[in-house]
Amino acid sequence: YLLLFTSYARNDEHYAKQGKDMPRVDYKIQGMRAKYFCDSMKMQKPFRNRIFEVVMTWEQYEDPVDGAECYRLAFVPAEEFRPPNTRLVRCPQVPGFKFGKSRGFYTLKALAPNVTLVKLVHQVDFAGHVPYKVAETSIKKLITIVDSLYRHFRRNGKIVDREVRAELMRRMLAGDFKDLHEDQIEIKSRCEELGVGHF
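Residues numbered from 1 in each chain as written. Predicted model: local features only at pLDDT ≥ 70, side-chain atom pairs only at ≥ 80, totals over all residues. Heavy atoms only, no water.

Novice: I'm lost on the side chain of Lys-35 in this one. Help?
Specialist: Looking at the element boundaries, Lys-35 is found in strand 2 (residues 34-41). Here the side chain of Lys-35 touches Asp-26 through a polar contact of 3.1 Å, side chain to side chain. In this view, Lys-35 contacts Leu-3, Asp-26, Tyr-27, Lys-28, Ile-29, Val-54, Val-55, Met-56 and Trp-58; residues no more than four positions away in its chain are not counted. (Helix = DSSP H or I, 4+ residues; strand = E, 2+ residues; numbered from the N terminus. Polar contact = N/O pair within 3.5 Å; in protein donor to acceptor, adjacent residues only side chain to side chain. Contact = heavy atoms within 4.5 Å.)

Novice: Honestly, the state of the cysteines in this entry has me stumped. Any pointers?
Specialist: Cysteine pairs can be covalently joined through their sulfur atoms, and such a bond is termed a disulfide. Considering all chains together, one arrives at zero disulfides under this definition. Here Cys-38 is not disulfide-linked; the sulfur of Cys-91 is the nearest cysteine sulfur, at 3.5 Å. (Disulfide = S-S within 2.5 Å.)

Novice: Can you walk me through the packing of helix 1 (residues 8-18) against helix 3 (residues 144-153) in this structure?
Specialist: For any two helices packed against each other, one specifies the crossing angle of their axes together with the interaxial distance. The N-to-C vectors of helix 1 and helix 3 enclose an angle of 130°; their axes lie 13 Å apart at closest approach. What the angle tells us is that helix 1 and helix 3 run oblique. When the axes of helix 1 and helix 3 are compared, the crossing they make is right-handed. Where helix 1 approaches helix 3, its residues Arg-10, Glu-13 and Lys-17 are matched on the opposing element by Thr-144, Ile-145, Ser-148 and Arg-151. Residue composition of the contact of helix 1 with helix 3, by class: one nonpolar, two polar and four charged. (Axes fitted to C-alpha atoms, helices over the stretch in contact; angles between N-to-C directions. Parallel < 35°, antiparallel > 145°, perpendicular 65-115°, else oblique. Left-handed = near helix turned anticlockwise from the far one by under 90°. Nonpolar A, V, L, I, M, F, W, Y, C, P; charged D, E, K, R; others polar.)

Novice: When you look at the pattern of salt bridges in this model, what are you seeing that I'm missing?
Specialist: In this structure the tally under the stated criterion is eight salt bridges. Across the pair Arg-24 and Asp-39 runs a salt bridge, and its minimum N-O distance is 3.4 Å. Here Asp-39 lies in strand 2 and Arg-24 lies in the loop between helix 1 and strand 1 (25-28), a separation of 15 residues in the sequence. A salt bridge links Lys-109 to Asp-63; the nearest nitrogen and oxygen atoms lie 3.2 Å apart. In this pair, Lys-109 sits in strand 5 (residues 97-112) while Asp-63 sits in the loop between strand 3 (49-62) and strand 4 (69-77), placing the two residues 46 residues apart along the sequence. By relative accessible area, which is 13% here, Asp-63 ends up buried. (Salt bridge = Lys/Arg side-chain N within 4 Å of Asp/Glu carboxyl O. Buried < 20%, exposed > 50% of the residue type's maximum accessible area, 1.4 Å probe, protein only.)

Structure (structure tokens):
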């Protein structure tokens, strides 16, 4: 979902909020596990609208503690992405717009078969003086992806809680944990003594 940046549904949402004249594009960078994204944001007047270009790459890894399936997606300003023998097709200068910079990363961790924990760390440079209140409002618009993720995959909280507890019990019974600290081992032992009926 994070990589389907220009799907019809997400483009419709973007243009409804930002306006039809706000550029938006993405493409896969050939020969690399990476994508180029260009997004735009309408600013409060009299400030110029902003364009943000980033390159995102990703990797899968295993949680060192419990072995859970995890993914890390990192993105940097496109101008800082200079791999050998690769030339990016950049967004041209658009009248009335100014280029800003955006960088950060997502982490996704599978808590249960249908439950994922998502974290986002995001830094924005508006490339010019922008009052704090304007910047704060604009950043909230820029990270609407978090709200979009929540709305798209939202499920009943009680069902999610039950699935997470069931997965935790499965891992405990299977001994599916790694490198636990002494206090964690103690808690695990106490939980095992409770039995299934107490969960």
